[in-house]
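Below are the chains, spelled out letter by letter.
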Amino acid sequence: MAKSIFAPDVLEGKRVLITGGGTGLGRGVASHLVAHGAEVHLWGRRLSVLEEAAEEASGGRSGRVFVDSVDVRQGDSVDAAMSRIWDEHGPLTSVINNAAGNFIAPTASLSTRAFEAVSSTVMNGSFNTTHAAGRRWIAEGLPGSVLSTLTTWVWTGSAFVVPSAMAKAAVHAMTMSLAVEWARYGIRLNALAPGPIPTDYAWEMLNPTDSSAVGATQPDQIPMGRVGTIEELAALTIFLLSDACDYLTGETIAMDGGQRLAGPGTFAALTKVTDQEWIDIRETSKAASAASKAQRTAG
Ligand code: HXC
């Protein structure tokens, strides 16, 4: 595990639910939360996958990771599973809305069911889980923290992943709206918009061709020249779930090596210009400027 700047017990006393915790980013972050003292609950659709993830996340400690088979699209199942956590373990302190579905496809080719499979997992799933935890926190006078895993498409949209972009934008709106509505109860809502971080399944889905020129994940389009790591995502997650940032709410924080800011409308491609080329560019522009001045004087 990479070096951590946090006290080993910074999340002691935290009970954290990660939806979609059996795979991908949720699974990757879980072990770091456990290592910093949290009790972690993983929800997902496949119990065998969740059990494997729990084994990995617990790092040999027993009684620290629990799993339940829950489809977050089903509001009633979410509520029942939330009751099981409350009754059998105690109130959650934090929810990570991480469950997502996504695939790259031309939008005109999508069936209604395809749109719903992706959008309802992200949008309805995040609402169902947030609502089930939030109304319990409010009823019991407890503070809470909600962290949603979004993407930078919430600001830009994205072609070929339209159901995901739409649904994630809706969760971004939920984050800002409930940050205001629930602030007086001590409930914080924030979101993370990570850039590409390799996890097997998402990588395969988002890079569907062998061509390195296709897909949302090429390091050469990222100003920092590399993809992100689970350790970096975990560090920000630990900070956001900790008591160190009680005044932070309503924010969606991008952590993408600057990728979203390096669009084609900017001069991002100039990061490839060498020092010598910059000297040549400067000489060329000085010469052009002198020629223009001379022309104006003559005129
Ligand atoms: C077109 C597709 C399709 C595809 C499925 N469908 N895959 N259509 N292109 N590639 C259609 C099916 O034909 C069906 O419609 C409908 O979608 C539902 O498919 P099911 O398989 O029955 O649904 P379900 O089992 O609920 O699966 C949902 C899923 C699946 C989204 C399709 O991929 C899934 O469960 N994924 C969960 C994990 C995941 O996707 N993680 C990625 C997150 S990455 P019809 O009409 O035929 O019945 C991410 C962004 C990372 O969020 C960003 C990094 C830069």
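Residues numbered from 1 in each chain as written. Predicted model: local features only at pLDDT ≥ 70, side-chain atom pairs only at ≥ 80, totals over all residues. Heavy atoms only, no water.

J.: How would you sum up the layout of surface pockets? Please name residues and give values.
T.: Put simply, the second largest pocket is a space of about 240 Å³. Along the wall of the second largest pocket there are 19 residues; nearest its centre are Pro143, Gly144, Ser145, Gly186 and Asp246. Elements that contribute at least two residues to the lining of the second largest pocket include exactly strand E5 (144–149) and strand E6 (187–194). When the residues that make up the lining of the second largest pocket are grouped by side-chain class, the tally is eight nonpolar, seven polar and four charged. (1 Å grid on protein atoms, 1.4 Å probe; cavity = no way out; pocket = protein on both sides within 12 Å on 5 of 7 lines; lining within 4 Å. Points joined across faces, edges and corners; volume = space filled by probe spheres on them. Helix = DSSP H or I, 4+ residues; strand = E, 2+ residues; numbered from the N terminus. Nonpolar A, V, L, I, M, F, W, Y, C, P; charged D, E, K, R; others polar.)

J.: Give a description of the pattern of salt bridges that names residues and reports values.
T.: The tally for this structure, following the rule as stated, stands at twelve salt bridges. Residues Arg73 and Asp71 are paired through a salt bridge, measuring 3.2 Å at the closest nitrogen-oxygen approach. With a relative accessible area of 25%, Arg73 lands in the partly exposed category. For Arg188, the salt bridge is made with Asp246, and the minimal N-O distance between the two is 3.8 Å. Highlighted residues: Arg188 in strand E6 and Asp246 in the loop between helix H8 (230–241) and strand E7 (252–255), separated in sequence by 58 residues. In this structure Arg188 comes out as buried when scored by relative accessible area, which is 7%. For Asp246, a relative accessible area of 53% translates into the label exposed. (Salt bridge = Lys/Arg side-chain N within 4 Å of Asp/Glu carboxyl O. Buried < 20%, exposed > 50% of the residue type's maximum accessible area, 1.4 Å probe, protein only.)

J.: Break down H8 for me, with residues and values.
T.: The end-to-end C-alpha distance of H8 is 16 Å, a good match for the 16 Å that twelve residues give at a rise of 1.5 Å each. Turning to H8, its buried residues are Ile230, Leu233, Ala234, Leu236, Thr237, Ile238, Leu240 and Leu241. Packing partners of the buried residues in H8 comprise strand E1 (15–19), helix H1 (24–35), strand E4 (94–97), E5, E6 and E7. (Expected span 1.5 Å × (residues − 1). Contact = heavy atoms within 4.5 Å.)

J.: Requested: an account of the sheet that holds strand E3 (residues 65–69), with residues and values cited.
T.: Pairing within the open sheet is parallel, and its seven strands lie in the order E3-E2-E1-E4-E5-E6-E7. Of all strands in the sheet, those bounded by a partner on one side alone are E3 and E7. Each strand axis lies, on average, 20° off the axis of its neighbour in the sheet, ignoring direction. With four bridges connecting them, E6 and E7 associate as parallel partners. By the bridge assignment, Leu192 is partnered in E7 with Ile253. Docked against the sheet, H8 engages E1, E4, E5, E6 and E7, running at close to 170° with respect to E6. (Pairing = 2+ DSSP bridges. Axes fitted to C-alpha atoms, helices over the stretch in contact; angles between N-to-C directions.)

J.: Break down empty space enclosed by the protein for me, citing the residues and quoting the values.
T.: Rolled over the atoms, a probe as big as a water molecule pinpoints where empty space is left. All told, the structure shown has three cavities of 30 Å³ or more when counted by the stated rule. When its volume is computed, the largest cavity comes out at roughly 90 Å³. Taken together, Ile18, Leu25, Gly26, Val29, Ile96, Asn98, Leu147, Ser148, Thr149, Leu192, Leu233 and Thr237 form the lining of the largest cavity. If you list the elements that add at least two residues to the lining of the largest cavity, you get H1, E5 and H8. Its residues assigned to classes, the lining of the largest cavity comprises seven nonpolar, five polar and no charged. The wall of the second largest cavity is formed by Asn102, Phe103, Ala105, Leu110, Val118, Phe160, Val161, Val162, Pro163 and Ser164. For the lining of the second largest cavity, the element with the most residues is helix H6 (residues 162–181), which contributes three residues.

J.: Could you give an account of a nonpolar patch on the surface, naming the residues involved and the relevant values?
T.: A cluster of nonpolar side chains, Phe267, Leu270, Trp278 and Ile281, forms an exposed patch at the surface whose accessible area comes to about 430 Å². Position of Ile281 among the secondary structure elements: in helix H9 (residues 275–298). On the accessibility criterion, Ile281 (38% relative accessible area) is partly exposed. (Patch = residues over 30% accessible without salt bridge, like charges linked within 9 Å, V, L, I, M, F, W, Y side chains within 5 Å. Areas by Shrake-Rupley, 256 points an atom, 1.4 Å probe, with all protein chains shown as cover.)

J.: Outline the packing of helix H4 (residues 112–140) against H6, supporting the account with residue identities and numerical values.
T.: Axis separation between H4 and H6 bottoms out at 8 Å; the angle between their running directions is 15°. Relative to H6, H4 is oriented roughly parallel. Here the hand of the crossing between H4 and H6 comes out right-handed. Note on element contacts: H6 touches H4 through Pro163, Ser164, Met166, Ala167, Lys168, Ala170, Val171, Met174 and Leu178, opposite Phe115, Val118, Ser119, Val122, Met123, Ser126, Phe127 and Thr130. (Parallel < 35°, antiparallel > 145°, perpendicular 65-115°, else oblique. Left-handed = near helix turned anticlockwise from the far one by under 90°.)

J.: Break down the environment of Leu33 for me, citing the residues and quoting the values.
T.: One can find Leu33 in helix H1. Contacts of Leu33, omitting those with residues within four sequence positions, involve Leu11, Val16, Ile18, Ala38, Val40, Ile96, Thr237, Ile238 and Leu241.

J.: Account for the side chain of Ser145, naming residues and giving values.
T.: When you line up the elements, Ser145 lands in strand E5. Judged by relative accessible area, Ser145 falls into the buried class, the value being 6%.

J.: How would you summarise the nonpolar core if you had to cite specific residues and measurements?
T.: The biggest cluster of nonpolar side chains holds 29 residues, and the ones touching the most others in it are Val16, Ile18, Leu33, Val40, Leu42, Ile96 and Leu241. Secondary structure elements with two or more residues in this core: E1, H1, strand E2 (39–44), helix H2 (47–58) and H8. Of all hydrophobic cores here, the second largest spans 27 residues; its members include Val78, Ala133, Ala167 and Leu178. (Core = buried A, V, L, I, M, F, W, Y, C linked by side-chain atoms within 4.5 Å.)

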